[in-house]
Amino acid sequence: MSQDHIRLHIPGPVEVSPATYAAMSAPMIGHRSKDFQALYEEMHPRLQALFQTSRPVFLSTSSAWGVMEGALRNLAAKKVLCLCKGAFSDKWVDVARRCGKQAEALQYEWGQPIDPADVEDRLATGEFDLVTFIHNETSTGVMSSLAGVAAAVKKHPGVLLVVDTVSSFTVVPTPMDELGIDVLLTGSQKALALPPGLALFAVSEAALERAKSMPDRGYYLDFLEFQKNQESFMTPSTPCIATIYGLRHQLGVIFDEGIEQRHARHARLNAMAHDWVRRHGFDFFAPEGYRSVSLTCVANNLGIDVARFQKLLRENHRLALDGGYGKIKGTTFRISNMGDETDETIGNLLAAMDDSLAKL
Ligand SMILES: *Cc1c(COP(=O)(O)O)cnc(C)c1O
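## Some details on the sheet that holds strand β4 (residues 103-107)
- The mixed open sheet is built from seven strands, whose spatial order is β2-β10-β9-β8-β5-β3-β4. Where the open sheet ends on each side, the last strands, each with one partner, are β2 (57-60) and β4. Between one strand axis and the next, the sheet turns by 20° as a mean value, whatever way the strands run.
- The pairing of strand β3 (residues 80-84) with strand β5 (residues 130-134) spans three bridges and is parallel. Looking across to β5, one finds that Cys-82 is bridged to Thr-132.
- Along the sheet face, helix α4 (residues 87-98) touches β3, β4, β5, β8 (160-164) and β9 (183-187) and points at about 165° away from the line of β4.

Printed below as a string of structure tokens:
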């Protein structure tokens, strides 16, 4: 790691470990070779275990947005209901419209969670056949109820549910089959602490059936192409093999730690950040009960100069802290505890934040 590297504590991309980079430098293999099939096949049971699904898990060489757009192109036949509560979820309705889909936003104020009762009310109109839902809205630090939203959608047969778990995957359980989720997707550069460029997703049988009837699926993100290729542990086009080597390494790290221990570690590190917030008299942007376990979005009720705070952290401690996303830049800032963070790295960050706050 270069001397002048600024350690990432932003909520994505997150810091990538030297061991992961080392694993990624394994010699290149052909993507139609037995070696690649063996690599994918070896990882597959572990991927299914993390998705908590018996469905195949697909590897898309795109960032998460590739699959988020792909889900619309493969599944939105009638009208999409987009559950909106922050930058990423708000954008999904815009993307749906750009794909030529009929889409409606169920809009909440930034900082608020999705209310499953509202979802039920909208779906009762019978207008919709697809729901997009971001479990953990990274821009606002709000984690809505996955079980609550899934249960609301399941009351309406024929409506499919797409869930983005980009910043909650392996942080908290996201049981795909148990909750009846139709597409569960995540990306590489946040909760999994890999470089960007890889998205992972699984698709229910009902969703694959829907896809078969969709005329404009395109090619690159056609779910049926992923399905056909996965049957022989391949991908439709040349995948980012180096990142997939990194994924194999991170799966080793996750299963060596143990998934329950991983969840407990994230809860513990998140609580350390919460203590810091309370100790300094800051507020939380998200209401109690809906605060993300992956990151903490701090409300800047004390009116500190966030840009200067970031500069002190960067220059004195070589740490990158996020200064708030989009329209809440400066009125919030975010502390990520995703990926490989430890008691020590979060302890160091919070101590550096103490020091920087004192110098403001
Ligand atoms: C970062 C993020 C995305 C976008 O991911 P890309 O990798 O930029 O495509 C989508 N959803 C959530 C919740 C995110 O945090």
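Resuming the write-up.
## A few points about the site of the ligand
- What surrounds the ligand is the set Ser-63, Ala-64, Trp-65, Met-68, Phe-88, Ile-134, Asn-136, Thr-138, Asp-164, Val-166, Gln-189 and Lys-190.
- One of the backbone N or O atoms of Ala-64 is found 3.1 Å from an oxygen atom in the ligand.
- For the ligand, an oxygen atom lies 2.7 Å from a polar atom in the side chain of Gln-189.
- Alone, the ligand offers 380 Å² of accessible surface; in the complex the protein occludes 91% of this.
- Ranked by residue count, the leading element in the shell around the ligand is helix α3 (residues 64-75), at three residues.
- Partitioned by chemical class, the residues of the shell around the ligand number six nonpolar, four polar and two charged.

## Examining the state of the cysteines
- With the rule as written, the count across this model stands at zero disulfides.
- With no disulfide of its own, Cys-99 lies 11 Å from the sulfur of Cys-82, the closest cysteine sulfur.
- Left without a disulfide partner, Cys-297 is nearest to the cysteine sulfur of Cys-84, which lies 18 Å away.
- Judged by relative accessible area, Cys-297 falls into the buried class, the value being 4%.

## Description of the pattern of salt bridges
- Per the counting criterion, the structure on display carries 21 salt bridges.
- In this structure, Arg-122 and Glu-104 form a salt bridge, with 2.8 Å as the shortest nitrogen-oxygen distance. Taken as a pair, Arg-122 in helix α5 (residues 116-123) and Glu-104 in strand β4 lie far apart in primary sequence, 18 residues in all.
- A salt bridge links Asp-182 to Lys-154; the nearest nitrogen and oxygen atoms lie 3.4 Å apart. One end of the pair, Asp-182, is in the loop between α7 (176-179) and β9; the other, Lys-154, is in helix α6 (residues 146-154), with 28 residues separating them in the sequence.
- Judged by its relative accessible area of 39%, Lys-154 is partly exposed.
- One salt-bridge network, in which partners are shared between bridges, spans Lys-79, Glu-104, Arg-122 and Glu-127.

## Describing the pairing of β2
- Alternating positions in β2 separate into two faces, Val-57 and Leu-59 on one and Phe-58 and Ser-60 on the other, with burial throughout.
- Alignment of β2 against strand β10 (residues 199-203), held across four bridges, turns out to be antiparallel. What sits directly across from Ser-60, in β10, is Ala-199.

## A closer look at the domain arrangement of the protein
- Segmenting the protein into domains produces domain 1 (7-15 + 259-358) and domain 2 (18-255).
- For domain 1 versus domain 2, the distance between C-alpha centres works out to 26 Å.
- The partner domain 2 presents 28 residues to the 26 residues of domain 1 that form the contact.
- In this assembly, domain 1 and domain 2 are joined by zero salt bridges.
- Viewed at the interface, domain 2 and domain 1 are joined by nine residue pairs in polar contact (both at pLDDT 80 or more).
- Broken down by secondary-structure element, the contributors of at least two residues to the side of domain 1 that touches domain 2 are α11 (259-279) and β12 (295-299).
- Partitioned by chemical class, the residues of the side of domain 1 that touches domain 2 number 14 nonpolar, six polar and six charged.

## Concerning the packing of aromatic side chains
- The final tally for this structure, using the stated rule, is 14 aromatic pairs.
- Taking 5.1 Å as the distance between ring centres and 40° as the angle between the ring planes, the aromatic pair formed by Phe-201 and Phe-223 counts as tilted. Note that Phe-201 is positioned in strand β10 and Phe-223 in helix α9 (residues 223-230), a separation of 22 residues in sequence. For the pair Phe-201 and Phe-223, one class covers both residues: buried.
- Three or more aromatic residues joined by ring pairs form one cluster here, namely Phe-58, Phe-201, Phe-223 and Phe-226.

What counts as what
Residues numbered from 1 in each chain as written. Predicted model: local features only at pLDDT ≥ 70, side-chain atom pairs only at ≥ 80, totals over all residues. Heavy atoms only, no water. Pairing = 2+ DSSP bridges. Helix = DSSP H or I, 4+ residues; strand = E, 2+ residues; numbered from the N terminus. Axes fitted to C-alpha atoms, helices over the stretch in contact; angles between N-to-C directions. Contact = heavy atoms within 4.5 Å. Near = heavy atom within 4 Å. Polar contact = N/O pair within 3.5 Å; in protein donor to acceptor, adjacent residues only side chain to side chain. Areas by Shrake-Rupley, 256 points an atom, 1.4 Å probe, with all protein chains shown as cover. Nonpolar A, V, L, I, M, F, W, Y, C, P; charged D, E, K, R; others polar. Disulfide = S-S within 2.5 Å. Buried < 20%, exposed > 50% of the residue type's maximum accessible area, 1.4 Å probe, protein only. Salt bridge = Lys/Arg side-chain N within 4 Å of Asp/Glu carboxyl O. Domains from an automatic or database assignment. Phe/Tyr/Trp six-rings, centres within 6.5 Å; stacked < 30°, edge-to-face > 60°.

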